[in-house]
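Chains, contacts and geometry: an overview
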Amino acid sequence: FAWEDGGHVYVSNSDRQNKRGGVYAMYFDKQGDVVDYKMLLSDTTRNSSGGKTPFNTWLSCEEYAQGQCWQVDPEGRRNPEMTVLGGEGGNY
C-alpha cells in the first residue's frame, strides 16, 4: 500500500495454527527505512489467503472448516471486521 508522502506499508498474513495467526504490517518511509511494525489482526488460525481490496483494505482468510474472512485496515486505525461471504455467514 502506497502512502501520499511516498512511504508504504507491507501487509502479510501469519499462517499459524491454534489461534496464533493473524496479520502484520511493516511501515516504510519514502527512503525505504522501516519506521514501524505492528500486528493488525490476532487470534486467528491458518491465515494463508489474503490480498489488497479496491477499498485499500486487506482481506485475510482463515483456511480451516470454521475459518472466517477478515477485512483489515492497513493503517491500523479501524478494528478488523469479519466479512460475510457466501451462504454460510463467512466460513471460508
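Data block above holds the structure.
Just so it is clear, the structure is predicted and the values come from calculations on it, not from any experiment.

Each value, and the rule that gives it
Residues numbered from 1 in each chain as written. Predicted model: local features only at pLDDT ≥ 70, side-chain atom pairs only at ≥ 80, totals over all residues. Heavy atoms only, no water. Helix = DSSP H or I, 4+ residues; strand = E, 2+ residues; numbered from the N terminus. Buried < 20%, exposed > 50% of the residue type's maximum accessible area, 1.4 Å probe, protein only. Core = buried A, V, L, I, M, F, W, Y, C linked by side-chain atoms within 4.5 Å. Contact = heavy atoms within 4.5 Å. Phe/Tyr/Trp six-rings, centres within 6.5 Å; stacked < 30°, edge-to-face > 60°.

A word on the overall build of the protein
Along the backbone of the protein there are zero helices and seven strands. Listing every helix and strand of the protein by position from the N terminus yields β-β-β-β-β-β-β. Along the first, second and third principal axes, the C-alpha atoms of the protein reach 45 × 25 × 20 Å. Across the 92 residues in the protein, those meeting the buried criterion constitute 37%.

Looking at the nonpolar core
Membership of the largest hydrophobic core is limited to eleven residues, which are F1, V9, V11, V23, A25, Y27, L40, L41, W58, W70 and V72. Looking at this core, the element that brings in the most residues is strand β2 (residues 21–28), giving three residues. Not counting residues within four places of it along the chain, the set of residues in contact with V23 comprises V11, S12, N13, K38, M39, L40, L41, W58, S60 and V72.

A few points about the packing of aromatic side chains
According to the stated counting rule, one finds one aromatic pair in the structure shown. Consider the rings of Y24 and Y37, whose centres lie 5.9 Å apart with planes at 15°: the pair is stacked. Residue Y24 is located in strand β2, and its partner Y37 is located in strand β3 (residues 34–44); the two are separated by 13 residues in the primary sequence.

A short note on the environment of K30
Within the secondary structure, K30 sits in the loop between β2 and β3. Other than its neighbours up to four places away in sequence, K30 contacts D5, G6 and G7.

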